[in-house]
Amino acid sequence: MSAETETASAGAPAASAPAASWHDLAAPGLAAFEALAEGALVRLPEGFRKLCADVVIVIEDFPTDEVLDALGAETPFDLLGLFQGVGQAQGGALAQTGQMPNMVFLYRRPILDYWAEHEETLGDIVTHVLVHEIGHHFGLSDDDMDAVEADAD
């Protein structure tokens, strides 16, 4: 038996161990995405989190056909997330009677597709989309949103 075989058989990981570990993995489901979004929100700066405490985060596989049509999206993969409601920048600081809560939608399948095509972690992408969509609630600029992301723990 060679030294390499002895090392592998003695419990050391074989060279193919990382690839083998992917064999049994599945794409994260809606519950896993919800956990990713909650984790991303917790890592955002405390002041930002307090301001968006009333925003509801919803995870769905794809945007609805109505949303796609309203935004002129060509495919369901064109949209990673969406803010729906009345943002503070538009006078939404106080809820009106009968007004639905402000919501951020994160779309799992388009985010997974984006992840597969880019060199970013899934957690970083979810954080980016979440900050961007919540940023619409506050009327933040892209620079402001970049600063919030950079301050995430």
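Residues numbered from 1 in each chain as written. Predicted model: local features only at pLDDT ≥ 70, side-chain atom pairs only at ≥ 80, totals over all residues. Heavy atoms only, no water.

1. Some points on the pattern of salt bridges
Convention followed: Basic side-chain nitrogens of Lys or Arg form a salt bridge, by our definition, when they fall within 4 Å of a carboxyl oxygen of Asp or Glu. The numbering of helices and of strands both runs from the N terminus, where a helix is a DSSP run of H or I of at least 4 residues and a strand a run of E of at least 2. When a residue's accessible area, from a 1.4 Å probe over protein chains only, is under 20% of the maximum for its type it is buried; when over 50% it is exposed; and in between it is partly exposed.
Applying the stated criterion across every chain, the model contains two salt bridges. A salt bridge links glutamate 46 to lysine 50; the shortest N-O distance between them is 3.2 Å. Of this pair, glutamate 46 and lysine 50 are both found in helix H4 (residues 46–51), four residues apart, which corresponds to roughly one turn of the helix. Accessibility expressed as a relative area gives 48% for glutamate 46, which makes it partly exposed. Its salt-bridge partner being aspartate 61, residue arginine 108 comes within 2.6 Å of it at the nearest N-O pair. Linking arginine 108 in helix H6 (residues 108–117) with aspartate 61 in the loop between strand E1 (56–60) and helix H5 (65–71), this pair joins segments that are 47 residues apart in sequence. Overall, arginine 108 belongs to the buried group, its relative accessible area being 12%.

2. Regarding the packing of helix H7 (residues 122–138) against helix H8 (residues 142–150)
Quick reminder of the rule: Axis lines are fitted through C-alpha atoms, for helices just across the contact stretch, and the angle between N-to-C directions can take any value from 0 to 180 degrees. For classification purposes, an angle smaller than 35 degrees is called roughly parallel, one larger than 145 roughly antiparallel, one from 65 to 115 roughly perpendicular, and anything else oblique. Less than a right angle of anticlockwise turn of the near helix away from the far helix marks a crossing as left-handed, whereas a clockwise turn marks it as right-handed. Residues are treated as being in contact if the distance between any of their heavy atoms lies within 4.5 Å. Charged means Asp, Glu, Lys or Arg here, nonpolar means Ala, Val, Leu, Ile, Met, Phe, Trp, Tyr, Cys or Pro, and polar covers whatever is left, Gly included.
Following both chains from N to C, one finds H7 and H8 inclined at 135°, their axes separated by 10 Å at the closest point. As far as their axial angle goes, H8 and H7 are oblique. Where H7 crosses over H8, the two elements pack in a sense that is right-handed. For the pair H7 and H8, contact is made by Asp124, Thr127, His128, Val131, His132 and Gly135 and by Asp142, Met145, Val148 and Glu149, respectively. Class assignment for the residues of the contact of H7 with H8 results in three nonpolar, four polar and three charged.

3. Some words on the sheet that holds strand E2 (residues 81–84)
Note on sheets: strands pair through backbone hydrogen bonds, and any given pair is parallel or antiparallel. Applied cut-off: Note on pairing: DSSP must find at least two bridges between two strands before they are called paired.
If you trace the three strands from one edge of the open sheet to the other, you get E1-E3-E2, paired in mixed fashion. What marks the edges here is a single partner per strand, and that holds for E1 and E2. Between one strand axis and the next, the sheet turns through 20° on average, direction left out of account. Examined bridge by bridge, E1 and strand E3 (residues 103–107) share five bridges and lie parallel to one another. Bridge pairing in E3 links valine 58 to phenylalanine 105. Sheet strands in contact with H6 are E1 and E3, and its direction is about 50° off that of E3.

4. Some remarks on the pairing of E3
When you tally the buried positions in E3, you get five out of five residues, the bulk of the element. Covered by surrounding structure in E3 are Met103, Phe105 and Tyr107 together with Val104 and Leu106, the residues of both alternating faces. The pairing of E2 with E3 spans four bridges and is classified as antiparallel. Bridged to phenylalanine 83 within E3 is valine 104.

5. So, the packing of helix H3 (residues 30–43) against H7
With their axes 9 Å apart at the nearest point, H3 and H7 run at an angle of 65° to one another. Classified by the angle their axes make, H3 and H7 are roughly perpendicular. Crossing of H3 against H7: the hand is right-handed. Side by side, H3 and H7 meet where Phe33, Leu36, Ala37, Ala40, Leu41 and Arg43 of the first sit next to Leu122, Gly123, Val126, Thr127, Leu130 and Ile134 of the second. Tallied by class, residues from the contact of H3 with H7 come to nine nonpolar, two polar and one charged.

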